[in-house]
Amino acid sequence: DSGVTQTPKHLITATGQRVTLRCSPRSGDLSVYWYQQSLDQGLQFLIQYYNGEERAKGNILERFSAQQFPDLHSELNLSSLELGDSALYFCASSVEEEQYFGPGTRLTVT
Amino acid sequence: QQQVKQSPQSLIVQKGGISIINCAYENTAFDYFPWYQQFPGKGPALLIAIRPDVSEKKEGRFTISFNKSAKQFSLHIMDSQPGDSATYFCAASKVQAGTALIFGKGTTLSVSS
C-alpha cells in the first residue's frame, strides 16, 4: 500500500459525458501528479500540482483539467469524453523525487 | 519522440535465472532513474532508483547498472522467482521539486517454475 488513495476504482460512462476522478496523496506529500496509462501510449504524464499550484503540464488534452485543494487532495476532470479516453488514470504523490502511485481509476467510455 | 526506450518488450526467464531489462535515454539533463514494478490491476510500485553519480545500486535481488556515457541503464533481477512476474517500467526525470517521470514502454516478465 503506497498510501495514495484514488476513487472511484472503476468508472463506466458514455461518450460526451463528464467525470471527476479523486486522489488523496500520502500524508505530508505536497506534489500530486496525474498519469494516463493506455495500451498504445503507455504511461503518460498529464499534469502536476504542488501545494495547490499548477507546476507542470504534459500531454493533457484541453478537455481535461485538474486542481489541488487546500487539504492537498486533487481532482482530475475529464469532459466531452471520447472512446479514446478509456484508460487507467493514476495519481502519484511525492515530497522529493520519489513518486508513489495510487491504485488507479479505470475509466471505460462506451 | 520517445525519450526513454526500453527493451525487451517481453521476457521469459526460468526460476532462479537472471532477468535483465535495458533502457536508454536521450535527454542528458535527466538525473534520476527509477524502476517501477506493476502487477495487473495495481498501480506502479517504486522498486529501486539511481542517480548518475553512481554506476550501480543494489537492493536485495534487484540491481541497477548505470552507464552515463552511453546514456543507458539496466535492471537485473537475480534468482528470479515466479512472484517477480509483472510488468517493469524504467523512467527518467530531472531532480527538482516536482518533475514528471518519463516512462519507457514497459517489459512484461514471466518467470516460469
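Residues numbered from 1 in each chain as written. Chains lettered and ligands numbered in written order. Predicted model: local features only at pLDDT ≥ 70, side-chain atom pairs only at ≥ 80, totals over all residues. Heavy atoms only, no water.

K.L.:
Sorry if this is basic, but what is going on with the overall build of chain A here?
P.N.:
Scanning chain A for helices and strands turns up zero helices and 11 strands. Sequence-ordered secondary structure for chain A, helices as α and strands as β, is β-β-β-β-β-β-β-β-β-β-β. Here the C-alpha radius of gyration of chain A, 13 Å, is about what a compact globule of 110 residues would show, namely 13 Å. Dimensions of chain A, computed from C-alpha atoms along their principal axes, come out at roughly 35 × 25 × 25 Å. Buried residues in chain A amount to 50% of all 110 residues. Intrachain contacts of chain A at a sequence separation of at least 6 include 52% that bridge at least 24 residues. A total of about 5,400 Å² of accessible surface is found on chain A, and carbon and sulfur atoms cover 47% of it. If the 8 positive side-chain charges of chain A are averaged to one point and the 13 negative ones to another, these points end up 5 Å apart. (Helix = DSSP H or I, 4+ residues; strand = E, 2+ residues; numbered from the N terminus. Rg over C-alpha atoms; globule rule 2.2 N^0.38 Å. Buried < 20%, exposed > 50% of the residue type's maximum accessible area, 1.4 Å probe, protein only. Contact = heavy atoms within 4.5 Å. Areas by Shrake-Rupley, 256 points an atom, 1.4 Å probe, with all protein chains shown as cover. Lys, Arg positive; Asp, Glu negative; His and termini not counted. Charge placed at Lys NZ, Arg CZ, Asp CG, Glu CD.)

K.L.:
Which parts of the structure should I look at to understand a nonpolar patch on the surface?
P.N.:
Together, Ile 18, Ile 20 and Met 78 of chain B make up a nonpolar patch on the protein surface, roughly 240 Å² of accessible area in all. With respect to the helices, strands and loops of the structure, Met 78 of chain B is situated in the loop between β8 (72-77) and β9 (86-92). (Patch = residues over 30% accessible without salt bridge, like charges linked within 9 Å, V, L, I, M, F, W, Y side chains within 5 Å. Salt bridge = Lys/Arg side-chain N within 4 Å of Asp/Glu carboxyl O.)

K.L.:
Quick question: what am I supposed to make of the side chain of Ser 79 of chain A here?
P.N.:
Residues and elements named next belong to chain A. Its place among the elements puts Ser 79 in the loop between β8 (74-78) and β9 (87-94). A polar side-chain atom of Ser 79 sits 2.8 Å from the main-chain carbonyl oxygen of Arg 63. In this view, Ser 79 contacts Gln 17, Arg 18, Arg 63 and Phe 64; residues no more than four positions away in its chain are not counted. (Polar contact = N/O pair within 3.5 Å; in protein donor to acceptor, adjacent residues only side chain to side chain.)

K.L.:
Explain the interface of chain B and chain A here, please?
P.N.:
Accessible area lost when the parts come together is the quantity often used to give the size of an interface. Opposite the 18 residues of chain B that make contact, chain A presents 20 residues. In total, about 1,500 Å² of surface goes out of reach between chain B and chain A, with carbon and sulfur atoms giving 55% of it. Here Arg 51 of chain B and Glu 97 of chain A are joined by a salt bridge, their closest N and O atoms 3.2 Å apart. The interface formed by chain B and chain A includes five residue pairs in polar contact (both at pLDDT 80 or more). (Buried area = accessible area lost by both parts, 1.4 Å probe.)

K.L.:
How should the state of the cysteines be read in this particular structure?
P.N.:
Think of a disulfide as a covalent bridge from one cysteine sulfur atom to another cysteine sulfur atom. Under the defined criterion, the tally for this structure stands at two disulfides over all chains. Note that Cys 23 of chain A is cross-linked by a disulfide to Cys 91 of chain A, the S-S spacing being 1.9 Å. Sign of the S-S torsion, about 70° for the bond between Cys 23 of chain A and Cys 91 of chain A, identifies this disulfide as right-handed. Here Cys 23 of chain A, found in strand β3 (residues 19-24), pairs with Cys 91 of chain A, found in strand β9; they are 68 residues apart in sequence, far enough to count as distant. Exposure remark for Cys 91 of chain A: the relative accessible area of 0% places this residue in the buried category. In this model, Cys 23 of chain B is linked to Cys 90 of chain B through a disulfide, with the two sulfur atoms separated by 1.8 Å. Taking the sign of the torsion about the S-S bond as the criterion, the disulfide between Cys 23 of chain B and Cys 90 of chain B, at about -90°, is left-handed. Here the residue Cys 23 of chain B occupies a position in strand β3 (residues 19-25), and Cys 90 of chain B occupies one in strand β9, the gap between them amounting to 67 residues. On the basis of relative accessibility, which here comes to 0%, the residue Cys 90 of chain B falls in the buried class. (Disulfide = S-S within 2.5 Å.)

K.L.:
It is not clear to me how the pairing of strand β5 (residues 45-50) of chain B should be interpreted in this structure. Could you clarify?
P.N.:
Both faces of the sheet carry side chains from a regular strand, because those side chains alternate between them. All names here are of chain B. With five bridges joining them, strand β4 (residues 33-38) and β5 adopt antiparallel strand pairing. Each bridged residue has a counterpart across the sheet, and for Gln 37 the counterpart in β5 is Ala 45. Linking two consecutive strands that pair antiparallel, namely β4 and β5, is a turn of six residues; a positive phi of about 80° is found at Gly 41 within it. (Pairing = 2+ DSSP bridges.)

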